[in-house]
Amino acid sequence: MTQAKTTCPYCGVGCGVTATVEAGTLSAVEGDREHPANFGRLCVKGSALHETLGEQGRLTHPRVDGVEVSWGTALSATADRLNDLRAEHGNHCVAAYLSGQLLTEDYYVANKLFKGFLGTPHLDTNSRLCMASAVVGYKRAFGADAVPCNYEDLEEAELVVLVGSNLAWNHPVLYQRIKVAKERNPLMRLVVIDPRVTDSCEIADLYLGIKPGTDAYLFNGLLTWMAKRRKLDTLYLERHTEGFDEALEAAQQTTGSVAEVAAACDVDPERLETFYYWFASQLHVVTLYSQGVNQSASGTDKCNAIINCHLAGGKIGLPGAGPFSITGQPNAMGGREVGGLANQLAAHMDYHTPGALDLVSRFWATDSLTPSLPEEPGYKAVELFEAIERGEIKALWVMATNPAISLPDAARVRAALEKCPLVIVSECAAHTDLLPYADIVLPASGWSEKDGTVTNSERRISRQRGMLPPPGEARHDWWIMCEVAKRLGFSEAFDYTHPWEIFDEHARLSGFENNGSTDSPKRLFDISGLVGLGRDGYDALAPIQWPVTKAAPHGTARLFEDGEFATANGRAKLLAIHPQGPEKSLCAAYPLRLNTGRIRDQWHTMTRTARSPRLMNHRAEPFMDVHPDDAHSAGVTDQGLAVLTAAKGEFRARVRVSNAQRRGEIFVPIHWTDCFTQQARSSSLIDSIIDPLSGQPESKHGAVALAPLATDWQATLLVAEGVTESTPWCTSAYWTRIPMRGCQRWQLAHTQSVNDWLAQLKTWLPGDVSVVSQDPTNGRLRAACVKNDQLRWWLMVGPPKELPGLAWLEARFNDLVLSDSHRRRLLAGCDDGAADTGPVVCSCHQVGQTTIVNAIREGDTSVEALGARLACGTQCGSCIPELKSLIEEERPNARTKQPLATEVV
């Protein structure tokens, strides 16, 4: 048994993980107690990492035109086809679309190959979809894409403001750090600004449920309020900033009184002024913002409206202070460091950075190439696929992401992919929505196999270590690109043999001629202090925050402490912000505002998280959160099926009626794909509207209509692994697949009646029905097939609310021999007298809602008491807000619990 320290591959918190490897498998994970991002904490996704591994469902062999081939054949085909298209259409016909899931070393090689040696600027990344507006906001204000804060600032702040961030679900470890800090410091306050009442509100001292898209109005109003109440740091403004007068004038012109701002934002004016007073009165304020701010047609302006208020109050460069953009992906920042955005060149240099083209060309020795480096930025994500649609881009290489799902107007993206002459896909999962469009498929390594670095939201570089060999013939992304580069004639520039060599070159470029000048200030991103580590030093590299230089060999925890910024004159810039509402307007046909986002236990398109069945239990099906009034108006019911329609497509899912939603607004998750369900892709409801500065799509502001999905029947079908490869039931009007241990669960519904279910089952599944129970008066039916003493499939016709707890049935699919007593209970779906535990609330310990409710009613009316009895809430803590809600709902039904004789009363 060996243990290795690595980094979690999910969100941008960048938690350290200690992994245990036994007999060639990764058997367990726990939080790394020494890692400064998490100090041993892990969320439920991170704690289930070892459950997502294994060769099943992995790509293991290269394919060309649908045929498995050798690596030599695949690499040569890739190089030859790229060269042929370049020769016919020019270098700019080639493009790459990357991912924040790649390691920095992968990113560096890709950026160098495409921009430096293939001569195309068209390399972008899915980070465009989550962080691009924050990047532009920082660059406009500070002169660099530089997060000024660190995680300790969240604990040292007197006021933390969450804007457009459900931290409790999307960055749970940071949420837990803030929660503990509040417990230690009763004077610390938390404000949540979000259209939805989320679990992050559990510890909030103030909640502002703003109208979607009004963030800039709110912060312009704050700037005006600070000026009127003389709460500005005039000395800081005079010494360290410029543009304040113009910013204040724009704010005053667009906001007015607190009452007017409150009306525009649709919040209570007294609560709004309370927030203004708290913000203006405290020096140590951190504003933490994420996709709710960024994913807008005016996302960049919203970011700068927030930054303006911090600069105006001098609330930056101090412990517990600053505007903090929290990153969505594990290496979105690492990708930006190397230049992995279409508007970047390399090492935090843009195309228009004075001297950058010459500097990078000399460093990469591309000045002798014809043509050499491109001189203008390339197409950003949405623009890139529009260029493919026009026929301008002839070859696309996609790595570690799924644009067929994640980009807005997904049908248009798929049509573009269909017509693209050459689509190359580097991927580790065998089944994604993108692979059917690929001409060349290259199997890539995944987490636990890849070796390199990632950078988290606080600029902390950490090692992600390879502990297992890739399955089959899968290879590392950097190796794949280097081998293609060699076949393209660039052997000398891509002769790396280990990731440390790539990292070393990356570090050298960051410090190359980085001394600053009158025309070009010193670049903030500088890790030249990590040059020359060698393989041993690289392998032993401990987490460290950039800049890392000779002057700061141990890294830099906080930026701008001296008030010096990365602009030409060293001053931060306040921007004149003119707020705009969502570009996608509502209308009679589509009267409801659509919001999209992540959920607690899933990640992106579920290619990894769905491999852990317990992560599927909290929200097993695609859903939509609907306010009770909107549900009543549309005629939909809680847990019923409904359809959302938009100008671009539709979305079918189960309804969750919730007072956490504002009237007239609907929330849907982003995770489900065609691999898991029918017509529940949130991207099909979103138009290709982008922020003109950042290119980030307006994914938070769709326009939809709501209607019930009328069905004649609903059913639950459980099928053992390997029983059948065909899924004829997927012609139903609604279906969703839910992976379980040893079987697949299917939730089905259809508009056409079934006259004979036993006959229908014969067309669907092999094997005769072993047991059946049918009630023709209400259409209910239960049936199961047992073959060779093993359960092969189980069916219940009826709504899911009639289901027993499925844990017992799941266990039966894993029985090598089904006992007689279990066979007799198959139709019931549970042991005689066994209690239904209800939907899972605590994923870590698989504790269901019914079990929790019963414990509350028996007197366990605190989170601590529930934890002591059931263990729920005692591991990652993500379920605690839901536990508290259940306690509040059930408290009137709880009996008084008698103290034990040893308890003091």
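Just so we're clear, the structure is a prediction, and the values are computed from it rather than from any experiment. Along each chain, the written sequence defines residue order, and numbers are assigned to residues from 1. Two thresholds apply to this predicted model, a pLDDT of at least 70 for residue-level local features and 80 or more for giving and counting side-chain atom pairs, whereas whole-chain, interface and lining totals are computed over all residues. Hydrogens and water are ignored here; the side-chain numbers use all heavy atoms of the structure.

### Some points on the overall build of the protein chain
Piece 1. Helices and strands together make up the secondary structure of the protein chain, namely 29 helices and 36 strands.
Piece 2. For 905 residues, the compact-globule formula gives about 29 Å, and the C-alpha radius of gyration of the protein chain, at 28 Å, lands near that figure.
Piece 3. Relative accessibility thresholds used throughout: buried, under 20% of the residue-type maximum; exposed, over 50%; partly exposed, between the two (1.4 Å probe, protein chains only). Evaluated residue by residue, the protein chain yields a buried proportion of 62% over its 905 residues.
Piece 4. Element-wise, carbon and sulfur atoms account for 48% of the exposed surface of the protein chain, whose accessible area totals about 32800 Å².
Piece 5. Charge counting treats Lys and Arg as positive and Asp and Glu as negative, with His and both chain ends excluded. Where a charge sits is defined by one atom per residue type, namely NZ (Lys), CZ (Arg), CG (Asp) or CD (Glu). One finds the centroid of the 87 positive side-chain charges in the protein chain at a distance of 3 Å from the centroid of its 107 negative side-chain charges. Secondary structure counts use DSSP, requiring at least four H or I residues in a row for a helix and at least two E residues in a row for a strand, with both numbered from the N terminus. As defined in this context, the radius of gyration uses C-alpha atoms, and a globule is described by 2.2 Å times the residue total to the power 0.38. Only the protein chains shown count as cover for residues, and the accessible areas themselves come from Shrake-Rupley with a 1.4 Å probe.

### So, the pattern of salt bridges
Piece 1. For this document, the term salt bridge refers to a Lys or Arg side-chain nitrogen within 4 Å of an Asp or Glu carboxyl oxygen. For the structure shown, the criterion picks out 56 salt bridges.
Piece 2. Between K112 and E505 there is a salt bridge; the shortest N-O distance is 2.9 Å. Pair noted here: K112 is in helix α3 (residues 104-117) and E505 is in helix α21 (residues 499-511), with a separation of 393 residues, a long-range link. The burial state of K112 is the same as that of E505; both residues are buried.
Piece 3. Ionic pairing is found between R558 and E561, a salt bridge with its closest N-O pair at 3.1 Å.
Piece 4. Sharing partners across several salt bridges, the network here consists of R414, D433, D674 and R681.

### Focus: the packing of helix α8 (residues 215-228) against helix α14 (residues 299-312)
Piece 1. Where α8 meets α14, the axes come as close as 8 Å, and the angle between the chain directions of the two elements is 20°. Taken as axis vectors, α8 and α14 run roughly parallel relative to one another. The interaxial crossing formed by α8 with α14 has left-handed handedness. In contact with D215, A216, F219, N220, L222, L223 and M226 of α8, α14 contributes K302, A305, I306, N308, C309 and A312.
Piece 2. Taken together, the residues that form the contact of α8 with α14 break down as nine nonpolar, two polar and two charged. To define axes, lines are fitted to C-alpha atoms, for helices over the stretch in contact only, and angles between the resulting N-to-C directions are given on a 0 to 180 degree scale. Roughly parallel here means an angle under 35 degrees, roughly antiparallel means over 145, roughly perpendicular means 65 to 115, and every remaining angle is called oblique. Note on convention: near helix rotated counterclockwise from far helix by under a right angle means a left-handed crossing. Clockwise means right-handed. Throughout, a residue-residue contact means that at least one pair of heavy atoms, one from each residue, lies within 4.5 Å. Three classes are used, and their members are as follows: Ala, Val, Leu, Ile, Met, Phe, Trp, Tyr, Cys and Pro are nonpolar, Asp, Glu, Lys and Arg are charged, and the others, Gly among them, are polar.

### Comments concerning the environment of L407
Piece 1. By the secondary structure assignment, L407 is in the loop between α18 (403-406) and α19 (410-419).
Piece 2. Judged by its relative accessible area of 1%, L407 is buried.
Piece 3. Separated by 278 residues in sequence, L407 and L129 have C-alpha atoms that sit 7.7 Å apart.
Piece 4. In this structure, L407 is in contact with Y97, L129, A381, V382, F385, V413 and S683, ignoring residues within four places of it in sequence.

### Side note on the pairing of strand β32 (residues 771-775)
Piece 1. Judged from the five bridges that link them, β32 and strand β33 (residues 780-787) form a sheet pairing that is antiparallel. Note on β33: the bridge partner recorded for S773 is R782.
Piece 2. Here the rule is simple: two strands pair whenever DSSP picks up at least two bridges between them. Linking two consecutive strands that pair antiparallel, namely β32 and β33, is a turn of four residues; a positive phi of about 75° is found at G779 within it.

### Some points on α14
Piece 1. Compared with an ideal rise of 1.5 Å per residue, which puts 14 residues at 20 Å, α14 spans 20 Å between its outermost C-alpha atoms and is within 8% of the ideal.
Piece 2. At the C-terminal side of α14, G314 shows a positive phi close to 65°. Multiply 1.5 Å by the residue count of a helix minus one, and that product is the helix's expected span.

### What to know about the pairing of strand β20 (residues 460-464)
Piece 1. Counting buried positions along β20 gives five out of five residues, so the element sits mostly inside the fold.
Piece 2. The side-chain alternation of β20 yields two buried faces, one formed by R460, S462 and Q464 and the other by I461 and R463.
Piece 3. Where strand β19 (residues 452-455) and β20 come together, four bridges link them in antiparallel fashion. Pairing of T453 across the sheet is with R463, part of β20.
Piece 4. Hairpin connection of β19 to β20: four residues between the antiparallel strands, including R459 at a positive phi of 70°.
Piece 5. Where β20 meets strand β21 (residues 544-545), two bridges bridge the pair, whose relative direction is antiparallel. Pairing of I461 across the sheet is with I544, part of β21.

### Some details on the packing of helix α11 (residues 258-265) against helix α12 (residues 269-281)
Piece 1. Where α11 contacts α12, the two axes come as close as 9 Å, and the packing angle between them is 110°. Viewed along their axes, α11 and α12 adopt a mutual orientation that is roughly perpendicular. The element α11 and its partner α12 pack so that their crossing is right-handed. In this structure, α11 uses V258, A259, V261 and A262 to contact α12, whose residues at the interface are P269, L272, E273 and Y276.
Piece 2. Broken down by class, the residue content of the contact of α11 with α12 amounts to seven nonpolar, no polar and one charged.

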